[in-house]
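Summary of the model geometry
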Amino acid sequence: MVSIYVFEAKVIKTGIKYLIYPPKEYQEKLKKLHGRKVKVIVVEESN
């Protein structure tokens, strides 16, 4: 089974780590994936 979530996120720094911070409506969905391996595709758009 494959689930695909598409959303805009912020990249934030906490200490020495960088985290991708999803919008609140996706946090509950992503919490269900805790401990699993996932693939992440990052697309940076420039103006």
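Just so we're clear, the structure is a prediction, and the values are computed from it rather than from any experiment. Position numbers for residues start from 1 in each chain and track the written sequence from start to end. This being a predicted model, a pLDDT of at least 70 is required before a residue's local features are given, and a value of 80 or more before pairs of side-chain atoms are given or counted; all residues contribute to the totals for chains, interfaces and linings. Excluded from the side-chain calculations are hydrogens and water; all other atoms, namely the structure's heavy atoms, are used.

Describing the pattern of salt bridges
One side-chain nitrogen of Lys or Arg within 4 Å of one carboxyl oxygen of Asp or Glu is enough to make a salt bridge. As enumerated under the stated definition, the model contains 1 salt bridge in all. The shortest N-O distance in the salt bridge between Glu 28 and Lys 31 comes to 3.3 Å. Residue Glu 28 and its partner Lys 31 are located together in helix α1 (residues 24-31), separated by 3 residues, close to a single helical turn. Helical segments are the DSSP runs of H or I of at least four residues, strand segments are the runs of E of at least two, and each set is numbered from the N terminus.

Regarding the pairing of strand β1 (residues 10-14)
For the exposure calls, accessible area comes from a 1.4 Å probe over protein chains only, and a residue counts as buried if that area is under 20% of its type's maximum, exposed if over 50%, partly exposed in between. For β1, the buried fraction is low: 0 of the 5 residues fall into the buried class. Relative to strand β2 (residues 17-21), β1 runs antiparallel, the two being bridged by 5 bridges. Opposite Lys 13, over in β2, you have Tyr 18 as the bridge partner. Strand pairing is assigned whenever DSSP identifies at least 2 bridges connecting the two strands. Taking the residues between adjacent antiparallel strands as the criterion, β1 and β2 are bridged by 2 residues, where Gly 15 takes a positive phi near 70°.

Keep in mind these values describe shape, not function.
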